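Reading the structure
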Amino acid sequence: MRYVIRTFVAMTLFAFCWVAVGYGIFQMLQIGTCASGGPYVSARQCPDGITGLFFAITGGILGLFAAAGIYISRGQPPGSSRPPNRAAVVIWFWTGLFWSLAAASFLAVWGPEANPGPGGKTGGLIVGFMGLVMGAGGLFALNFRRRPTLSAGLVNTAFTRLAGTATRFSGAADPVSRIDTLDRLRRQGTLTDAEFEALKSKIVGGA
């Protein structure tokens, strides 16, 4: 139950923070360049409510940290012996943050409600394309992290096939010694229990 509740809370908070950050960026780009500092500032005066947009963006990013902490602390999935996949938080935090920035920026420039202020179009395109690249970097890093596991699985499979071939063609070896060799490979993880039993049955049958 704890796993389900924390997963729901984390994902809900992730979604809320993505929207908050995206909304803040969208509205900032509609305003464009401005400055606050009194009537003698040469730049455009920022409209009322600009502070709230800063709080939306900052609070959304801080909320993503909280959501990531809740997601990581979920514990082990119910009914499963596998450890929790904590690496997936990269998608929800890093990739989600930068792609929400990219989506909001492109909507602010090209969307149906787009009306970017001075400098907003250029800034929106820069943030949008940078967000796409940065977000994709998180997915790439996660995929790169999984490659050693995949490679290890391929190596184990190759050793399994090699062990099976060697066993089939080693007719001169003593059956007991061959079974001991297979058992050692099974305990090392090269052979699965099912593969061990299948090869053992072949050896016993051949003997």
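Residues numbered from 1 in each chain as written. Predicted model: local features only at pLDDT ≥ 70, side-chain atom pairs only at ≥ 80, totals over all residues. Heavy atoms only, no water.

As for the pattern of salt bridges
Filter applied, for reference: A pairing counts as a salt bridge when a side-chain nitrogen of Lys or Arg comes within 4 Å of a carboxyl oxygen of Asp or Glu. Secondary structure is summarised from DSSP: a helix means a run of H or I of at least four residues, a strand means a run of E of at least two, and numbering begins at the N terminus for each. Each residue's exposure class comes from its accessible area (1.4 Å probe, protein chains only) as a fraction of the maximum for that residue type: buried when under 20%, exposed when over 50%, partly exposed otherwise.
Scanning all chains against the criterion turns up 3 salt bridges. One salt bridge in this structure joins Asp183 and Arg186, with 2.5 Å as the shortest N-O distance. Of the two residues, Asp183 and Arg186 both sit in helix 5 (residues 175–188), 3 residues apart, roughly one turn of that helix. Classification of Arg186 as partly exposed rests on a relative accessible area of 27%. Here Asp183 and Arg187 are joined by a salt bridge, their closest N and O atoms 3.0 Å apart. Of this pair, Asp183 and Arg187 both sit in helix 5, 4 residues apart, which is roughly one turn of the helix. A single network of salt bridges, built from pairs that share partners, joins Asp183, Arg186, Arg187 and Asp193.

Side note on the environment of Gly119
Residue placement: Gly119 occurs in the loop between helix 3 (89–110) and helix 4 (120–169). Look at Gly119 and you get partly exposed, because its relative accessible area is 48%. For Gly119 and Ile31, which are 88 residues apart along the polypeptide, the C-alpha to C-alpha distance reads 9.1 Å.

Describing helix 2 (residues 50–72)
To be explicit about the condition: Here, expected helix span is obtained from the residue count minus one, scaled by 1.5 Å. Every residue pair with non-hydrogen atoms within 4.5 Å of one another is taken to be in contact.
Between its first and last C-alpha, helix 2 extends 34 Å over 23 residues, near the 33 Å set by a 1.5 Å rise per residue. When helix 2 is considered as a whole, its buried residues turn out to be Ile50, Leu53, Ile57, Gly60, Gly63, Leu64, Ala67, Ala68 and Tyr71. For helix 2, the secondary structure elements touched by its buried residues are helix 1 (2–31) and helix 3.

Quick word on helix 5
Put simply, the rule is: This arc describes the spread of directions from the helix axis toward the C-beta atoms.
Taking 1.5 Å as the rise per residue, helix 5 with 14 residues should run 20 Å; its terminal C-alpha atoms sit 20 Å apart, in good agreement. Taken together, the buried positions of helix 5 are Arg178, Ile179, Leu182 and Leu185. Each buried residue of helix 5 sits inside an arc of 120° when the element is viewed along its axis, so together they form one side. Facing away from the buried side of helix 5 by over 90 degrees, the exposed positions are Val176, Arg187 and Gln188.

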